[in-house]
Amino acid sequence: MSDNGQRNIELPASIVVRDLAKTLEVSPIKIIKTLMDNGVMVTINQAIDFDSAAIVAAELGFEAVPEVIEEENIDTEGNIPLWRQMLSDEKAEALVNRPPVVTILGHVDHGKTTLLDAIRHTDVVSGEAGGITQHIGAYQVEHNGRKITFLDTPGHAAFTAMRARGAQGADIVVLVVAVNDGVMPQTKEAIAHTRAAQVPAIVALNKMDRPDANPEFVKNQLAEAGMVSDEWDGDTIMVPVSAKQKSGIEDLLEAILLVADSTEITANPDGKVFGSVVEAKIDKTKGVQATLLVQNGTLETGNIITAGAASGRIRAMSDFRGKRIRKAGPSTPVQIIGLKGVPAAGDLFQTCKTDREARQIVEDRIQAQADKLAASSQKASLEDLFIRYQAGEVKELRLIVKADVQGSLEPITNSLAELKEGDIKVNVLHASTGNISENDIMLASASDAFVVGFNVKADGAARRLADTESVSIRIYKIIYRLMEDIDKALKGMLEPEYQEEVIGEANVLAIFRVSKVGKIAGCRVGKGEIRRNAKVRILRDKEVIYEGELASLKHEKDDVREIRQGFECGMAFKNFNDIQEGDFVQCFTLELFGG
């Protein structure tokens, strides 16, 4: 209670009108009317700043005070990349500031690539403007005598792929929004990916040269999405730019350095050498070429490194201009040759003392990956959520929600936000309309979340990625069943329901005997596809004689993950050797079914 008799109430820097009404326990209409009386026109789903909310609160007998966020209570479990964990092993006194690493996200056609090109050609200090001789997926520019590293991989799918592998490279995200188009579905997805990564964001309000530019409208849209401009007392810097006319670029670089100065971006140049793989490919003349981002220590030509499941000695190293260099410190992107094997984007690399040590690390990683695949069926599911909570493994239920139409999506997300059981709460990381896509699965995998759909489907590519990444998908046709299941999951009462889906059929054409393996069935896929990690059953004279899993799936001599209609393959079955010519193989999945 304040001195004037009003009740104190904590309010955030930005709050949606609907939420303010709930907080003050009054009708949203009353909130809107009070704001209108004060000259502010809003809708029920619109966000307002703290000052506006404080005026409303005062007229209703409350005294608003800024909400205090206790940093130690923020759950970062599962979102700390491996290299940041490794950096914590360095002595604090040895850490020095390093250049910030920036990635650019945003909706398609909003100007991400054009902006990257405009930034690339501002590096006049080095005298190399327009002189980039090669593209290696990352580059550096100088501004006011300070370096900034850009990951030239626009698109949140690439950004999240790196984070999903535990090697998130970006310190700062620049979100590009076209001021003539506004916040679009991919913009919202990019915001969700940025939040999940817990990386500070700057908004580049692009296409300011357009006659139909409406930056204030876009700022309002962004505020509704939870990104409030610093001009409105929020914490998001928004910079007007025109990538096409190369205007506002200096202001954007200045904003990046400003955010970098307020964020702890450090490394130990003399410490253990490690970093992330940005991209890798095979060159016909040079062998494996990999672009690496050094994140700690100093990488040198001749170093022995491991990168994912690849290893080797660095034979040559060049900077982003193609110039040969011998050393590279923190935040420096380099291209190297010398690896045996092609690592994946996002893999962690580190130096080793000997070839033997490097080979052992790679063997351990390959075995760990095999163990992970073998245990994928035991991946966290809604059914074991409560058990994981009791074991202290989770503090919230993270969801990606997809629905057929906006009219379904809003009541679902609003209802989910109200669900809670003890200390477990529901956190909807991303919600949008449309079928479940690979991008939804990637975000779920990177954030340890579950995917829930209403009246939608998951396409084949998303299903396959969900199998690989062990992401749980549940699809519903009735809203109350969806809410009921989530509520049961929070209480630890949810029982799994499965629905079988036949995804492929094959005929056994021949039998081959292989020593130490047993019988191999030579088959032709007649329908759909056969997947290595799906279930199979064998029918003989229309009777099921076996149901289980594949021990191996080969195309010619190569192990494969799937074989599609019209192709021949070799199959071996776990704990079953009585396969015969003429047998019929069905491949199927058991889908979690919500009703």
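Note that the structure is a prediction, hence the values are computed from the model and not measured. (Residues numbered from 1 in each chain as written. Predicted model: local features only at pLDDT ≥ 70, side-chain atom pairs only at ≥ 80, totals over all residues. Heavy atoms only, no water.)

Enquirer: Can you walk me through the sheet that holds strand 20 (residues 348-352) in this structure?
Expert: Adjacent strands of a sheet form backbone hydrogen bonds with each other and so pair up, either parallel or antiparallel. Strand order in the closed barrel formed by six strands is 13-14-19-17-16-20, with antiparallel pairing between adjacent strands. Averaged over all adjacent pairs, the angle separating strand axes in this sheet is 45 degrees, with direction ignored. (Pairing = 2+ DSSP bridges. Helix = DSSP H or I, 4+ residues; strand = E, 2+ residues; numbered from the N terminus. Axes fitted to C-alpha atoms, helices over the stretch in contact; angles between N-to-C directions.)

Enquirer: Sorry if this is basic, but what is going on with unusual backbone geometry here?
Expert: A negative phi angle characterises most non-glycine residues, just as the trans form characterises most peptide bonds. Its identity as a non-glycine residue notwithstanding, Lys542 has a phi of 70 degrees, on the positive side. As for its placement among the helices and strands, Lys542 is situated in the loop between strand 28 (535-540) and strand 29 (543-555). When its relative accessible area of 81% is taken as the criterion, Lys542 is described as exposed. Non-glycine residue Asn575 carries a positive phi angle of around 60 degrees. Residue position: Asn575 is located in the loop between strand 32 (568-573) and strand 33 (584-592). Owing to a relative accessible area of 83%, Asn575 belongs among the exposed residues under this scheme. (Buried < 20%, exposed > 50% of the residue type's maximum accessible area, 1.4 Å probe, protein only.)

Enquirer: Where do I start with the pairing of strand 13 (residues 274-283) in this structure?
Expert: Each regular strand shows side chains that alternate between the opposite faces of the sheet. The pairing of strand 13 with strand 14 (residues 287-296) spans nine bridges and is antiparallel. From the neighbouring strand, Asp283 faces strand 14, where its bridge partner is Gly287. Here strand 13 folds back onto strand 14, and the loop between the two strands holds three residues. Relative to strand 20, strand 13 is paired through three bridges, and the arrangement is antiparallel. The residue of strand 20 that forms the bridge with Ser276 is Leu348.

Enquirer: What exactly am I supposed to notice about the packing of helix 2 (residues 28-37) against helix 3 (residues 50-59) here?
Expert: Between two packed helices, what matters for the description is the angle formed by their axes and the separation of those axes. Interhelical geometry of helix 2 versus helix 3 gives an angle of 110 degrees and a closest axis separation of 10 Å. As summarised for this structure, helix 2 and helix 3 are arranged roughly perpendicular, according to the angle between their axes. Touching Ile31, Thr34 and Leu35 of helix 2 are Ser52, Val56 and Glu59, all from helix 3. Considering only residue class, the contact of helix 2 with helix 3 consists of three nonpolar, two polar and one charged. (Parallel < 35°, antiparallel > 145°, perpendicular 65-115°, else oblique. Contact = heavy atoms within 4.5 Å. Nonpolar A, V, L, I, M, F, W, Y, C, P; charged D, E, K, R; others polar.)

Enquirer: For this particular structure, what's the right way to read the packing of aromatic side chains?
Expert: The relative placement of two aromatic rings is captured by the distance of their centres and the angle of their planes. The tally for this structure, following the rule as stated, stands at four aromatic pairs. With a centroid separation of 6.0 Å and 65 degrees between ring planes, the pair formed by Tyr546 and Phe573 is classed as edge-to-face. With Tyr546 in strand 29 and Phe573 in strand 32, this residue pair connects regions lying 27 residues apart in the sequence. Like Phe573, Tyr546 is buried. Grouped by ring-pair contacts, the aromatic residues Tyr139, Phe150 and Phe320 constitute a single cluster. The cationic tip of Arg537 hangs over the ring face of Phe588; the distance from NZ or CZ to the ring centre is 4.1 Å. (Phe/Tyr/Trp six-rings, centres within 6.5 Å; stacked < 30°, edge-to-face > 60°. Lys NZ or Arg CZ within 6 Å of the ring centre and 35° of its normal.)

Enquirer: It is not clear to me how the environment of Arg524 should be interpreted in this structure. Could you clarify?
Expert: Residue placement: Arg524 occurs in strand 27 (residues 518-531). By relative accessible area, Arg524 is classed as partly exposed at 39%. Residues within four places of Arg524 in sequence aside, it is in contact with Glu505, Ala506, Asn507, Leu509, Gly566, Phe567 and Glu568. A polar contact is formed between the side chain of Arg524 and the backbone oxygen of Gly566, at a distance of 3.4 Å. (Polar contact = N/O pair within 3.5 Å; in protein donor to acceptor, adjacent residues only side chain to side chain.)

Enquirer: Honestly, the pattern of salt bridges in this entry has me stumped. Any pointers?
Expert: A side chain with one charge may pair with a side chain of the opposite charge, provided their charged atoms come close. As enumerated under the stated definition, the model contains 22 salt bridges in all. Residues Asp578 and Arg540 are paired through a salt bridge, measuring 3.7 Å at the closest nitrogen-oxygen approach. Taken together, the positions of Asp578 in the loop between strand 32 and strand 33 and Arg540 in strand 28 put the pair 38 residues apart, joining distant regions of the chain. Salt bridges sharing partners connect three or more residues here, namely Arg464, Glu529, Arg531, Glu562 and Arg564. (Salt bridge = Lys/Arg side-chain N within 4 Å of Asp/Glu carboxyl O.)

Enquirer: Just checking my understanding: could you explain helix 15 (residues 479-491) for this structure?
Expert: Along an α-helix, residues three or four positions apart point the same way, because every turn accommodates 3.6 residues. For helix 15, built from 13 residues, the straight-helix expectation of 18 Å at 1.5 Å per residue is met to within 8% by its first-to-last C-alpha distance of 19 Å. Buried within helix 15 are the following residues: Arg481, Leu482, Met483, Asp485, Ile486, Ala489 and Leu490. (Expected span 1.5 Å × (residues − 1).)

Enquirer: Mind showing me how you'd approach the confidence of the model for the protein here?
Expert: In low-pLDDT regions, the fine details of the predicted coordinates are not to be read closely. For the protein, per-residue confidence averages 80 on the pLDDT scale, and residues scoring 70 or more make up 81% of the total. Under a pLDDT of 50 for its full length, residues 123-134 has, in the predicted model, 20 contacts with residues more than four places off or in other chains. Confidence drops under pLDDT 50 across residues 373-379; counting only partners more than four residues distant or on other chains, this segment forms six contacts. (pLDDT = per-residue confidence, 0-100.)

Enquirer: Which parts of the structure should I look at to understand the sheet that holds strand 8 (residues 146-151)?
Expert: Reading across from one edge, 7-8-6-9-10-11 is the order of the six strands in this open sheet, with mixed pairing throughout. Here the strands that pair on one side only, and so sit at the sheet edges, are strand 7 (138-143) and strand 11 (237-240). Neighbour to neighbour, the strand axes of the sheet diverge by 30 degrees on average, direction disregarded. Bridge analysis of strand 6 (residues 101-106) against strand 9 (residues 172-178) gives five bridges, and the strand direction is parallel. Each bridged residue has a counterpart across the sheet, and for Gly106 the counterpart in strand 9 is Val176. Its contacts with the sheet put helix 7 (residues 185-197) on strand 6, strand 9 and strand 10 (201-206), and the angle it makes with strand 9 is roughly 165 degrees. Sheet strands touched by helix 9 (residues 249-261): strand 6, strand 7, strand 8, strand 9, strand 10 and strand 11. Its angle to strand 8, the strand with the most contacts, is close to 100 degrees.

Enquirer: Sorry if this is basic, but what is going on with the nonpolar core here?
Expert: Within soluble globular proteins, side chains that are nonpolar generally end up buried alongside one another. Among the nonpolar cores identified, the biggest contains 29 residues, and Leu115, Ile119, Phe150, Val174, Ile202, Leu252 and Ile256 are the most heavily contacted of them. Only strand 6, helix 5 (112-120), strand 7, strand 8, strand 9, strand 10, strand 11 and helix 9 provide two or more residues apiece to this core. If we skip the residues at most four places from it in the chain, Ile119 touches Ile104, Tyr139, Val141, Phe150, Ile249, Leu252 and Leu253. Judged by nonpolar contacts, the second largest core, of 21 residues, contains Ala521, Ile538, Met571 and Cys587. (Core = buried A, V, L, I, M, F, W, Y, C linked by side-chain atoms within 4.5 Å.)

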